[in-house]
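# Observations on the three-dimensional arrangement
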Amino acid sequence: MLECRLAAVCAPQRGLCARSVAVAEKFGAQPALVQGLNVLEVGCGCGFRHPPCPAPPTPMLSRSMPRTLTEPSRAGRGRLAGLAAAAAGAAAVTLTDGYPPSVESARRNAAAAGEHVAARCRAAQLVWGDSAAAAAAARACGGAADVVLGADVGYDPGSQAELAATLVAAAAAVQPPARVLIAQECRWRVRRAAPRPRD
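If you're wondering where the values come from, they're calculated on a predicted model, not measured in any experiment. Counting restarts for each chain: residues are numbered from 1 in the order of the written sequence. It should be noted that, the model being predicted, local features are given only for residues of pLDDT at least 70 and side-chain atom pairs only at 80 or more, the latter also being counted only at that level, while totals for whole chains, interfaces and linings use all residues. Calculated side-chain values reflect all of the structure's heavy atoms, with hydrogen atoms and water omitted.

## So, the overall build of the protein
Heads up, the rule is: Numbering of helices and strands runs from the N terminus; a helix is a DSSP stretch of H or I covering at least four residues, while a strand is a stretch of E covering at least two. Here, two residues are considered to be in contact whenever any of their heavy atoms come within 4.5 Å of each other. Here the open area of atoms and residues is found with the Shrake-Rupley method and a 1.4 Å probe, where only the protein chains shown may cover a residue.
From N to C terminus, the protein includes eight helices and five strands. Secondary structure elements of the protein, listed N to C terminal, follow the sequence α-α-β-α-α-β-α-α-β-α-β-α-β. Long-range pairs, those at least 24 residues apart, make up 83% of the contacts in the protein between residues at least 6 apart in sequence. Accessible surface, the protein: about 10100 Å² in total, of which carbon and sulfur atoms supply 56%.

## A short note on the sheet that holds strand β3 (residues 121–125)
Applied cut-off: A pair of strands is treated as paired once DSSP finds two or more bridges between them. Every axis in this analysis is a line fitted to C-alpha atoms, fitted for helices over the stretch in contact. Angles between the N-to-C directions lie between 0 and 180 degrees.
The parallel open sheet is built from five strands, whose spatial order is β3-β2-β1-β4-β5. Unpaired on one side and paired on the other, β3 and β5 (179–183) mark the two borders of the sheet. Across the sheet, the mean angle from the axis of one strand to that of its neighbour is 20 degrees, orientation sign disregarded. Across the sheet, helix α2 (residues 18–29) is in contact with β4 (147–151) and β5; its angle to β4 comes to roughly 135 degrees.

## Brief notes about the environment of Ala-90
The test is simple: Each residue is placed in one exposure class: buried if its accessible area under a 1.4 Å probe, protein chains only, is under 20% of its type's maximum, exposed if it is over 50%, and partly exposed if it falls in between.
Looking at the secondary structure, you find Ala-90 in the loop between α4 (81–87) and β2 (92–97). On the basis of relative accessible area, Ala-90 is assigned to the buried category, the value being 0%. A sequence separation of 56 residues divides Ala-90 from Asp-146, and the C-alpha atoms of the two residues are 9.9 Å apart. Those residues within four positions of Ala-90 in sequence are excluded, and the remaining contacts are Val-34, Gln-35, Gly-36, Leu-37, Val-39, Ala-85 and Arg-120.

## Structural notes on the pairing of β5
Quick reminder of the rule: The crossover handedness rule: strands pointing away from the viewer, path from first strand over the helix to second strand clockwise, crossover right-handed.
Here β4 runs beside β5; their pairing, made up of five bridges, is parallel. Bridging from a neighbouring strand, Ala-151 pairs with Ala-183 of β5. The parallel pair β4 and β5, bridged by helix α8 (residues 160–172), forms a crossover whose chirality is right-handed.

## As for the side chain of Asp-156
Definition in use: What qualifies as a polar contact is a pair of N or O atoms within 3.5 Å, subject to a donor-acceptor requirement within protein and to the restriction that residues adjacent in sequence count only when both atoms come from side chains.
Positionally, Asp-156 belongs in the loop between β4 and α8. Asp-156 gets classed as buried once you look at its relative accessible area, which sits at 13%. Within the structure, the side chain of Asp-156 is placed 2.9 Å from the backbone nitrogen of Gly-158, a separation counted as a polar contact.

## Quick look at unusual backbone geometry
The omega angle of the peptide bond from Gln-175 to Pro-176 is -5 degrees, so this bond is cis rather than trans. Here Pro-176 is to be found in the loop between α8 and β5. Backbone geometry at Asp-152 places phi at a positive 60 degrees, although glycine is not the residue there. With respect to the helices and strands, the residue Asp-152 is situated in the loop between β4 and α8.

## Considerations on the state of the cysteines
To keep things clear, this is the line we draw: Cysteine sulfur atoms that come within 2.5 Å of each other are treated as a disulfide pair.
Taken as a whole, this structure holds zero disulfides when the rule is applied. Not engaged in a disulfide, the cysteine Cys-121 finds its nearest cysteine sulfur in Cys-141; these two sulfurs lie 9.7 Å apart. You can call Cys-121 buried: its relative accessible area is 14%.

## Brief notes about the nonpolar core
Spelled out, the test is: Joining through side-chain atoms within 4.5 Å is the link that ties buried Ala, Val, Leu, Ile, Met, Phe, Trp, Tyr and Cys residues into a set, and such a set is a nonpolar core.
Counting 28 residues, the largest nonpolar core has Phe-27, Val-39, Val-93, Leu-95 and Cys-121 as its most contacted members. At the level of elements, α2, α4, β2, α5 (100–112), β3 and β4 are the ones that each hand at least two residues to this core. Among the elements that make up this core, the one with the highest residue count is α4 (six residues). Aside from chain neighbours lying at most four places away, what touches Val-39 is Val-34, Ala-85, Ala-90, Ala-92, Val-93, Thr-94, Cys-141, Val-147 and Leu-149. Grouped together as the second largest cluster of nonpolar side chains are 20 residues, Leu-126, Cys-141, Leu-163 and Ala-173 included.

Coordinates in, geometry out; function isn't part of it.
Structure below.
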């Protein structure tokens, strides 16, 4: 039932993050990954049912990001990993994002996904790089986060340090430490040094 519902929801949507679809498919096939667990999603994005969020006018995703987002389509990429976790039977899911319109969209998407999902979800703002806020979010997630989840959240090298700090703080804030599950597509190429000519 879960796989069919998620497939029906995902298929017609444009701009849906491919990694979140992969996570949703994984949870559909193996719900035990999150069943009965408390899940904290970082970078939940706009979700799947509402129009894309506009690009933020000022940096909101991390504390030290020195620029505005330059790709509005990227800012509006929808994610559904947290909603998929709720649909797969997670006990509680906290959907977080650094951009307030994405948080509001996450609330609407949880409500639109049906009572079964909405009852398990809450949305909150979490700015990457704020370790104290990340720790508090992990402790507040259903009592204590068991899993910290992110889908396609590491695409911007400029925010990866803040993302890493957030993931570490959230996972370490609870005992036992939360598992961190990240689904990421590599968008950058590794540059290798040119081979040296032989003498």
